[in-house]
Amino acid sequence: MTLAYADVEAAAERIRGIAHRTPVLTSRTADARTGATLFFKAEPLQRAGAFKFRGACNAIAALSPEQRKRGVLAFSSGNHAQAIAYAGALQGVPTVIVMPHDAPAIKVAATRGYGAEIVVYDRYKEDREAVSRRLAEERGLSMIPPYDHPDVIAGQGTAVKELIEEVGPLDVLLVCLGGGGLLAGSCLAARALSPEVEIWGVEPEAGNDGQQSLAKGEVVRIPVPVSIADGALTTHLGQHTFPIIRREAAGIVTATDAQLVSAMRFFVERMKLVVEPTGCLAAAAAFEGAVAVQGKRVGVILSGGNVDPAALGRHLAA
Ligand SMILES: *Cc1c(COP(=O)(O)O)cnc(C)c1O
């Protein structure tokens, strides 16, 4: 299956009325600081607090009635799990989330609160993919991965579709990058709606596998990186996401943890918005000059806002 903009349009139809159309925010202070005109797409205000709800919603809505009846499975302890749990609950589809036994209690509670069944595994003794596959087979569940799935990618592309429909063509688009579901979907939407736009991925400096992959022309695998950007600690791009990113992106740049904290502080202080560390990657690239934005119309995806209040306090106090 070759993914195209038509798939993003189909996703937008499926998730209409379920996912929020999030606001686009602007800031004169941010514009003055960068010399650009910045348009921030505010996915912290999406349902379940991140853009992941879009892909989850689309992937579940695209299942057959029989598959929906049996239910879906996801393995994750982060935003994807919560998105699947919530999207399943809203569409009347049972969800099973496979989580490590030592996942933060607050995340387990939130995911269960959305109505999911939680299955725990021992992360030191068991392989989560093997546990998930066995469970999916036994119970006839459809597995929905966090990024490397055509319906997930198409769903993630709806954020940039909304952004460009609202503000018009862009010169530059900055998108945070983990496994590349958001960036690949954004590429499809942006290239169709603003053909000349320059698209950049932004990943944590500590885990620049995407940058290495573009340089090498193939997917490069790295050890699990250490960064506060916990939504982008992926070790490799996907087989569906990499070819789209390679074809459409101008390049991939990185941001340090200190730059992410500085951006978080800016959003809280000046824009009254809680953005999680991973959600600040794209903004950090604009603020720190990793991509040249002066004099340009720039789309910046703020991908999510799920940060524990105590952790937010620690970051801002430091
Ligand atoms: C998952 C996630 C990302 C990375 O998305 P990919 O599709 O894996 O590249 C970025 N920001 C947030 C908040 C996320 O939850």
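Residues numbered from 1 in each chain as written. Predicted model: local features only at pLDDT ≥ 70, side-chain atom pairs only at ≥ 80, totals over all residues. Heavy atoms only, no water.

Here is the rule we go by: UniProt positions are given in the numbering used here, feature names are shortened, and annotations may be inferred rather than shown by experiment.
An unreviewed UniProt entry lists the protein under the name Threonine dehydratase, with Methylobacterium aquaticum given as the organism. In its Sequence similarities (unreviewed entry) section, the UniProt entry covering the protein states "Belongs to the serine/threonine dehydratase family."

## What to know about the sheet that holds strand E8 (residues 198-204)
The strands that make up a sheet pair up through hydrogen bonds in the backbone, lying either parallel or antiparallel. Going by this rule: At least two bridges found by DSSP between two strands is the condition for calling them paired. By the criteria applied, helices consist of DSSP H or I runs no shorter than four residues and strands consist of E runs no shorter than two, each listed in order from the N terminus. Throughout, a contact is declared for two residues whenever any of their heavy atoms are within 4.5 Å. Working convention: axes come from line fits to C-alpha atoms, limited for helices to the stretch in contact. Angles between N-to-C directions cover 0 to 180 degrees.
Taken together, six strands build an open sheet; the order of strands is E1-E2-E10-E7-E8-E9 and the sheet is mixed. Strands at the two margins of the open sheet, each flanked by one partner only, are strand E1 (24-25) and strand E9 (251-255). Direction of pairing for strand E7 (residues 172-176) relative to strand E10 (residues 297-302): parallel, over a ladder of three bridges. Along E10, the bridge assignment pairs Leu 173 with Gly 299. Sitting on the sheet, helix H11 (residues 209-216) is in contact with E8 and E9, with an inclination near 155 degrees to E9.

## Let's talk about the pattern of salt bridges
Going by this rule: Throughout this description, the term salt bridge denotes a Lys or Arg side-chain nitrogen within 4 Å of a carboxyl oxygen of Asp or Glu.
If you walk through the whole model with that rule in mind, you get 14 salt bridges. Taking the shortest distance from any N to any O, the salt bridge between Glu 162 and Arg 54 comes out at 3.0 Å. In this pair, Glu 162 is assigned in helix H9 (residues 158-167) and Arg 54 in helix H3 (residues 52-61), connecting sequence segments 108 residues apart. Three or more residues joined by partner-sharing salt bridges are found here, namely Lys 41, Glu 43, Arg 54 and Glu 162.

## Concerning the sheet that holds strand E5 (residues 117-121)
The parallel open sheet is built from four strands, whose spatial order is E5-E4-E3-E6. In the strand order of this sheet, the two ends are held by E5 and strand E6 (142-143), each with one partner. As defined by bridge partners, strand E3 (residues 72-75) adjoins strand E4 (residues 95-100) across four bridges and the pair is classed as parallel. Opposite Phe 75, over in E4, you have Val 98 as the bridge partner. Contacting E3 and E4, helix H5 (residues 79-90) crosses the sheet at an angle of about 160 degrees to E4.

## Focus on the packing of helix H1 (residues 5-15) against H9
For any two helices packed against each other, one specifies the crossing angle of their axes together with the interaxial distance. Our working definition: Convention used here: angles under 35 degrees read as roughly parallel, angles over 145 as roughly antiparallel, angles from 65 to 115 as roughly perpendicular, and any remaining angle as oblique. Classification used: nonpolar for Ala, Val, Leu, Ile, Met, Phe, Trp, Tyr, Cys and Pro, charged for Asp, Glu, Lys and Arg, polar for all others including Gly.
Where H1 contacts H9, the axes come no closer than 9 Å and their chain directions differ by 90 degrees. One finds that H1 runs roughly perpendicular with respect to H9. Of H9, the residues touching H1 (which contributes Tyr 5, Val 8, Glu 9, Ala 11, Ala 12 and Ile 15) are Thr 158, Lys 161 and Glu 165. Looking at the contact of H1 with H9 residue by residue, the class counts come to five nonpolar, one polar and three charged.

## Comments concerning the site of the ligand
Selection rule: When we say a residue is near a molecule or strand, we mean one of its heavy atoms is within 4 Å of it. Definition of a polar contact: a pair of N or O atoms within 3.5 Å, with one able to donate and the other able to accept a hydrogen when the atoms are protein atoms, and with sequence-neighbouring residues admitted only if both atoms are side-chain atoms. In short, Shrake-Rupley with a 1.4 Å probe defines the accessible areas, and a residue's cover is counted only from the protein chains shown.
Not every one of the 16 residues close to the ligand is listed here, only the nearest: Lys 52, Asn 79, Gly 178, Gly 180 and Ser 303. Contacts to the ligand include Ser 303, whose side-chain N or O atom sits 2.6 Å from a nitrogen atom. Relative to its unbound accessible area of 390 Å², the ligand is 97% covered by the protein chains. Classifying every residue of the shell around the ligand gives five nonpolar, nine polar and two charged.

## Considering the pairing of E4
In plain terms, the rule: Buried residues are those whose accessible area, probed at 1.4 Å on protein chains only, stays under 20% of the maximum for their type, while exposed residues exceed 50% and partly exposed ones sit between those limits. Here the term right-handed applies to a crossover when the path leading from its first strand over the helix to its second strand runs clockwise, the strands being oriented away from the viewer.
Burial within E4 is extensive, with six of its six residues counted as buried. A two-sided burial pattern is seen for E4, the buried positions comprising Thr 95, Ile 97 and Met 99 on one face and Val 96, Val 98 and Pro 100 on the other. Remark: the E3/H5/E4 crossover connection has right-handed handedness. For E4 and E5, the ladder comprises five bridges, and the chain directions are parallel. The residue bridging Val 98 from the neighbouring strand is Val 119, located in E5. Each parallel crossover has a hand, and for E4 linked through helix H6 (residues 105-113) to E5 it is right-handed.

## Brief notes about the packing of aromatic side chains
This is how the line gets drawn: Planes of paired rings set the category: under 30 degrees apart is stacked, over 60 is edge-to-face and the rest tilted, where pairs are Phe, Tyr or Trp rings (Trp by its six-membered ring) whose centres lie within 6.5 Å.
Counted according to the given criterion, the structure contains seven aromatic pairs. A ring pair is formed by Phe 40 and Phe 267, whose centres lie 5.5 Å apart and whose planes are at 85 degrees; its orientation type is edge-to-face. Highlighted residues: Phe 40 in strand E2 (residues 37-42) and Phe 267 in helix H13 (residues 257-271), separated in sequence by 227 residues. Classification of Phe 40 by relative accessible area gives buried; the value is 0%.

## What about the side chain of Glu 203?
Spelled out, the test is: Two residue types count as positive, namely Lys and Arg, and two as negative, namely Asp and Glu; His and chain ends fall outside the count.
The topology assignment puts Glu 203 in strand E8. For the buried residue Glu 203, which engages in no salt bridge, the nearest side chain bearing the opposite charge is Lys 52, 14 Å off. Separated by 3.0 Å, the side chain of Glu 203 and the backbone nitrogen of Gly 210 make a polar contact. With residues near it in sequence (within four places) discarded, Glu 203 still touches Leu 177, Asn 208, Asp 209, Gly 210, Gln 211, Ile 252, Val 253, Thr 254, Ala 255 and Leu 281.

## Thoughts on the pairing of E2
Burial analysis of E2 places five of its six residues in the buried class, the great majority of the element. Where E1 lies against E2, two bridges are found, and the strand directions are antiparallel. Bridging from a neighbouring strand, Val 24 pairs with Lys 41 of E2. Bridge count between E2 and E10: six bridges; the pairing is parallel. Of the residues in E10, the one forming a bridge with Lys 41 is Ile 301.

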